[in-house]
Amino acid sequence: MNNKGKIVTAAAIGAAVGTALGVLFAPDKGKDTRKKIKDKSNELANDVRNTISKGKEKFASIVHSNKDAGIDNIDPIL
């Protein structure tokens, strides 16, 4: 993984942890806090799915461009 990927991963993890701590320490009723946690988890899950999807697309693009460059022994795993 390159440095950009590590930075993005660290930022995403930091944001998730910060959000979770903020929600847990917020002075709301339990029901409201659980709803916030559920909503934020769903949001985070969607962000992860989108990031993985973009990564797969980029990987497929790289594989395709390598094949176009004459490197035929690379098979996509997607």
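Refer to the preceding data block for the structure.
Basis of the calculations
- Residues numbered from 1 in each chain as written.
- Predicted model: local features only at pLDDT ≥ 70, side-chain atom pairs only at ≥ 80, totals over all residues.
- Heavy atoms only, no water.
- Helix = DSSP H or I, 4+ residues; strand = E, 2+ residues; numbered from the N terminus.
- Buried < 20%, exposed > 50% of the residue type's maximum accessible area, 1.4 Å probe, protein only.
- Areas by Shrake-Rupley, 256 points an atom, 1.4 Å probe, with all protein chains shown as cover.
- Salt bridge = Lys/Arg side-chain N within 4 Å of Asp/Glu carboxyl O.
- Patch = residues over 30% accessible without salt bridge, like charges linked within 9 Å, V, L, I, M, F, W, Y side chains within 5 Å.
- Contact = heavy atoms within 4.5 Å.

### Quick word on the overall build of the chain
Thought 1: Along the chain, the regular secondary structure elements total two helices and zero strands.
Thought 2: Among the 78 residues that make up the chain, the fraction classed as buried is 4%.
Thought 3: For the chain, the accessible area works out to roughly 6600 Å², and carbon and sulfur atoms hold 61% of it.

### Quick notes on the pattern of salt bridges
Thought 1: Considering all chains together, one arrives at two salt bridges under this definition.
Thought 2: For the salt bridge of D39 with K35, the shortest nitrogen-to-oxygen distance reads 2.9 Å. On the criterion of helical spacing, the pair formed by D39 and K35 is a turn pair, its members being four residues apart in helix 2 (residues 30-68).
Thought 3: Judged by relative accessible area, D39 falls into the partly exposed class, the value being 36%.
Thought 4: Linking K40 and E43 is a salt bridge whose minimum nitrogen-to-oxygen distance equals 3.9 Å. On the criterion of helical spacing, the pair formed by K40 and E43 is a turn pair, its members being three residues apart in helix 2.
Thought 5: When its relative accessible area of 43% is taken as the criterion, E43 is described as partly exposed.

### Describing a nonpolar patch on the surface
Thought 1: Among the surface-exposed residues, I13, V17, L21, L24, F25 and I37 lie close enough to one another that they form a single nonpolar patch of about 610 Å² accessible area.
Thought 2: For the nonpolar patch, the element with the most residues is helix 1 (residues 3-24), which contributes four residues.
Thought 3: With respect to the secondary-structure elements, I37 resides in helix 2.

### Some details on the environment of T33
Thought 1: Its place among the elements puts T33 in helix 2.
Thought 2: Each C-alpha atom of the pair T33 and V23 lies 6.5 Å from the other, and the pair is ten residues apart in sequence.
Thought 3: Residues in contact with T33, not counting those within four places in the same chain, are V23 and D28.

### A word on the environment of A20
Thought 1: Tracing the backbone through its elements, the reader meets A20 in helix 1.
Thought 2: Judged by its relative accessible area of 35%, A20 falls in the partly exposed class.
Thought 3: Sequence separation of A20 and I37 is 17 residues, and the distance between their C-alpha atoms is 7.1 Å.

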